[in-house]
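As a plain string of letters, each chain reads:
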Amino acid sequence: MASKARTVDINEDVTKALRKFRFQRRSQGHAAIVIKIDKAALKMVVDEEYDNISIEDLVEELPRNSPRYVVLSYELKHRDGRISFPLVLINWAPSSSETTMMTLHASALLDFQRVAEANKTIEVRDAEEGLTKEIVDEKLLS
């Protein structure tokens, strides 16, 4: 069976890191794994991992002019008092990013969504106001 051609390779290190991240048991707080594209090698690499980070701090850590895929384990407080930890894919694509990187990022998004197995995807183009706790809550609770 022939494999489908990809613009950007999702290497085994990234899939292993995502699998490990996905199956970690969490009892409180948000955690995130940030993936970037290595333009020269045309492959995805793990950029950073954060444990117990606020959404505001995560936004501060992400670059203002370079796209990233962020898989977020989000502490969600439901209206009935339950707490869950859904996986959310943040498609971090600031409008100020270089066109070549945005094209590579967009071309690999569907493959990454499949590998990440997140419950929801949130698109972020405006770094300053595009990602807040309120936005994530609204997307997950609707």
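None of the values given here were measured: they were computed from a predicted structure.

Quick notes on the rules
Residues numbered from 1 in each chain as written. Predicted model: local features only at pLDDT ≥ 70, side-chain atom pairs only at ≥ 80, totals over all residues. Heavy atoms only, no water. Phe/Tyr/Trp six-rings, centres within 6.5 Å; stacked < 30°, edge-to-face > 60°. Helix = DSSP H or I, 4+ residues; strand = E, 2+ residues; numbered from the N terminus. Buried < 20%, exposed > 50% of the residue type's maximum accessible area, 1.4 Å probe, protein only. 1 Å grid on protein atoms, 1.4 Å probe; cavity = no way out; pocket = protein on both sides within 12 Å on 5 of 7 lines; lining within 4 Å. Points joined across faces, edges and corners; volume = space filled by probe spheres on them. Nonpolar A, V, L, I, M, F, W, Y, C, P; charged D, E, K, R; others polar. Pairing = 2+ DSSP bridges. Right-handed = clockwise from strand over helix to strand, strands pointing away. Expected span 1.5 Å × (residues − 1). Arc of directions from axis to C-beta. Contact = heavy atoms within 4.5 Å. Polar contact = N/O pair within 3.5 Å; in protein donor to acceptor, adjacent residues only side chain to side chain.

To continue, consider the packing of aromatic side chains. With the rule as written, the count across this model stands at one aromatic pair. On the basis of an interplanar angle of 15° and a centroid distance of 4.6 Å, the ring pair of Tyr-69 and Phe-112 is categorised as stacked. One end of the pair, Tyr-69, is in strand 3 (residues 68-73); the other, Phe-112, is in helix 3 (residues 99-116), and 43 residues separate them in sequence. On the basis of relative accessible area, Tyr-69 is assigned to the buried category, the value being 0%.

Attention shifts here to the layout of surface pockets. As a volume, the largest pocket reaches approximately 150 Å³. Lining the largest pocket, in full, are Phe-21, Arg-22, Phe-23, Gln-24, Arg-25, Arg-26, Ser-73, Phe-85 and Leu-87. Take the lining of the largest pocket: its biggest share by element is three residues, from helix 1 (residues 12-23). Considering only residue class, the lining of the largest pocket consists of four nonpolar, two polar and three charged.

Here we take up the pairing of strand 7 (residues 120-124). Each regular strand displays side chains that alternate between the two surfaces of the sheet. The pairing of strand 6 (residues 87-92) with strand 7 spans five bridges and is parallel. Directly across from Val-88, in strand 7, lies its bridge partner Lys-120. Each parallel crossover has a hand, and the one from strand 6 via helix 3 to strand 7 is right-handed.

Here helix 1 is twelve residues long and its end C-alpha atoms lie 17 Å apart, about the 16 Å a rise of 1.5 Å per residue gives. All of the buried residues along helix 1 are Val-14, Thr-15, Ala-17, Leu-18, Phe-21 and Arg-22. For helix 1, the angular spread of buried residues about the axis comes to 160°, placing them on one side. Helix 1 presents Glu-12, Asp-13, Lys-20 and Phe-23 as exposed residues on the side facing more than 90 degrees away from its buried surface. Check the buried side of helix 1 and you find it contacts strand 1 (31-38), strand 2 (43-51), strand 3, strand 6 and helix 3. Near the N-terminus of helix 1, the side chain that reaches the backbone nitrogen of Asp-13, with its oxygen 3.2 Å away, is that of Asn-11.

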